[in-house]
Amino acid sequence: MCDFNFCVYVLGYFGIFFVLIKLALKQKKAEEEKAYGAIDYDAPIESESTTIGLGTKIGVGAAVIVFGLVFALGDFLPSGSVSPTEEISSTDKRIAEDERANLLKTLQQIEATLASSPEDSISLEGAAVTLAQLGEYNRASSLLEDLIKKKPSDPDVYRLLGEVKYELKDYEGSATAFRMSCMVSGTIDFGVLRGLTNALIAAKKPDEAVQMLLASRKRLNEEKTIGSSDGTKKSAVKSKSDVDPIQVDLLLGKSYSEWGRVSDAVSVYNQLISTYPDDFRGYLAKGIILKENGNVGDAERMFIQARFFAPENAKALVDKYSK
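Predicted model only: the values in this text are computed from it and were never measured.

Asks: I'd like to hear about the overall build of the protein chain, residue by residue, with values.
Replies: Within the protein chain, the secondary structure is distributed over 15 helices and 0 strands. In the protein chain, buried positions account for 50% of the 323 residues. With an accessible surface of roughly 15800 Å², the protein chain has 54% of that area assigned to carbon and sulfur atoms.

Asks: Go over the packing of helix H5 (residues 121-133) against helix H6 (residues 137-150), please, and point to the residues and values.
Replies: Running from amino to carboxyl end, H5 crosses H6 at an angle of 155°, the nearest separation of the two axes being 8 Å. When the axes of H5 and H6 are compared, the pair comes out roughly antiparallel. For H5 against H6, the interelement crossing comes out left-handed. When H5 is examined against H6, the residues Ser121, Leu124, Glu125, Ala127, Ala128, Leu131 and Ala132 are found in contact with a partner set consisting of Tyr137, Arg139, Ala140, Leu143, Leu144, Leu147 and Lys150. Class assignment for the residues of the contact of H5 with H6 results in 10 nonpolar, 1 polar and 3 charged.

Asks: Provide a residue-level description of the packing of aromatic side chains, including the pertinent values.
Replies: Each aromatic ring pair is described using two quantities: the centre-to-centre distance and the angle formed by the ring planes. In this structure the tally under the stated criterion is 4 aromatic pairs. Ring plane angle 10° and centroid distance 5.4 Å describe the contact between Tyr283 and Phe309, whose orientation is recorded as stacked. Here Tyr283, found in helix H13 (residues 280-292), pairs with Phe309, found in helix H14 (residues 296-309); they are 26 residues apart in sequence, far enough to count as distant. Using a relative accessible area of 6% as the deciding quantity, one classes Tyr283 as buried. Directly above the aromatic system of Trp259 lies the positively charged group of Arg261, at a separation of 4.3 Å from the ring centroid.

Asks: Give a description of the environment of Asp244 that names residues and reports values.
Replies: Note that Asp244 resides in the loop between helix H10 (206-229) and helix H11 (245-259). Taking the C-alpha atoms as reference, Asp244 lies 8.3 Å from Phe190; in sequence the two are 54 residues apart. Within the structure, Asp244 has its side chain in polar contact with the side chain of Arg281 (distance 3.1 Å).

Asks: If you had to explain the environment of Val164 to someone new, which residues and values would you point to?
Replies: For Val164, the location among the structural elements is in helix H7 (residues 155-167). C-alpha separation for the pair Val164 and Ala128, spaced 36 residues apart in sequence, amounts to 10.0 Å. Beyond its immediate sequence surroundings of up to four residues, Val164 is in contact with Ala132, Tyr137, Ala140, Ser141 and Leu144.

Asks: Break down the nonpolar core for me, with residues and values.
Replies: If you look at the biggest cluster of nonpolar residues, it comprises 47 residues, and the most contacted ones within it are Val248, Tyr269, Phe280 and Leu284. Those elements that provide at least two residues to this core are helix H8 (171-185), helix H9 (190-202), H10, H11, helix H12 (262-275), H13, H14 and helix H15 (312-322). Look past the residues within four positions of Val248 in its chain and what remains in contact with it is Phe190, Leu193, Leu213, Arg217, Leu220 and Val243.

Asks: Hey, could you go over H9 for me, with residue numbers and the actual values?
Replies: An ideal rise of 1.5 Å per residue puts 18 Å on 13 residues; H9 measures up with 18 Å between its terminal C-alpha atoms. Measuring from the side-chain oxygen of the N-cap residue of H9 to the backbone nitrogen of Gly191 gives 2.8 Å; that N-cap residue is Asp189. Looking at the residues trailing H9, positive phi occurs at Lys204, about 65°.

Asks: Before we move on, could you go through the pattern of salt bridges and cite the residues and values that matter?
Replies: For the coordinates displayed, the defined rule picks out 16 salt bridges. Residue Lys205 pairs with Glu172 through a salt bridge whose shortest N-O separation is 2.9 Å. Taken together, the residues span a long stretch of sequence, with Lys205 in the loop between H9 and H10 and Glu172 in helix H8 at a distance of 33 residues. With its nearest N and O atoms 2.9 Å apart, the salt bridge here joins Arg179 to Glu208. Separated by 29 residues along the polypeptide, Arg179 in helix H8 and Glu208 in helix H10 bring together distant segments of the chain. A relative accessible area of 30% places Glu208 in the partly exposed class. Here the salt bridges share partners, and the residues they tie into one network are Glu172, Arg179, Lys205 and Glu208.

The rules behind each value
- Residues numbered from 1 in each chain as written.
- Predicted model: local features only at pLDDT ≥ 70, side-chain atom pairs only at ≥ 80, totals over all residues.
- Heavy atoms only, no water.
- Helix = DSSP H or I, 4+ residues; strand = E, 2+ residues; numbered from the N terminus.
- Buried < 20%, exposed > 50% of the residue type's maximum accessible area, 1.4 Å probe, protein only.
- Areas by Shrake-Rupley, 256 points an atom, 1.4 Å probe, with all protein chains shown as cover.
- Axes fitted to C-alpha atoms, helices over the stretch in contact; angles between N-to-C directions.
- Parallel < 35°, antiparallel > 145°, perpendicular 65-115°, else oblique.
- Left-handed = near helix turned anticlockwise from the far one by under 90°.
- Contact = heavy atoms within 4.5 Å.
- Nonpolar A, V, L, I, M, F, W, Y, C, P; charged D, E, K, R; others polar.
- Phe/Tyr/Trp six-rings, centres within 6.5 Å; stacked < 30°, edge-to-face > 60°.
- Lys NZ or Arg CZ within 6 Å of the ring centre and 35° of its normal.
- Polar contact = N/O pair within 3.5 Å; in protein donor to acceptor, adjacent residues only side chain to side chain.
- Core = buried A, V, L, I, M, F, W, Y, C linked by side-chain atoms within 4.5 Å.
- Expected span 1.5 Å × (residues − 1).
- Salt bridge = Lys/Arg side-chain N within 4 Å of Asp/Glu carboxyl O.

Keep in mind that these numbers describe shape and distance, not what the molecule does.
Listed below in structure tokens is the structure:
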């Protein structure tokens, strides 16, 4: 019996092994796109490499990082630059035939385990992640909803469900899942904010995205104030990771733009430029929205500023969007 249980756990984690390989490949591609093609505002201006080591949580926790890359391009750009549909089609989600064969083999093994142990949560995770990797989003969604019943306090399960439902174009369901991830975690996770913003915009609810981001920005400011007032980094509100306030404001500007409130979006970008005059992102975002609204002269001046302040590996990106 002991040997059987051991095999169950091994099979469960075996399915995740290929997910981690895929994650490494996608991260490599993201690094290449960051230097030569797609805008990746997730990275700070002074880039720091992030390595997924053996201590990283695997399973659903790793998968949400993989699927989070789906939203890397166009997340922060104003209305008219990149639509949600274009964003999805611009991401190459095809997998190599040999990798697909490996994933299918893994899925078969995990399903065999589930046939004898249908309540095994590790195998459920492995099956859900593998199905998502194969593009079987309906089946992945069903398994994730079953997994939520077993792990109702795991924010990563809700977050991956949000990503999968987004792929299914169930934007309302995606937004609900992201909200639940935020609620059960009790923290501010930028990946969840980003996913929720995209889901709400795709669901034609940019006004809700604006209100959510304003509340998140207020909460982050309160965290910063509390932390500085007592001279420590401790506060009543803790973020899961260091959230870049520029990224949050860029999402806010995009949401205002999608709502049709261009002047509010421009005000957000003006405040970014005023607060962070050496950061190219505010200039670029303002240039894009001015260009989209016919103010070509002022847009060109913003693009010149953006290119001046952009790091070398981002100058080509500024040129791409300014043209």
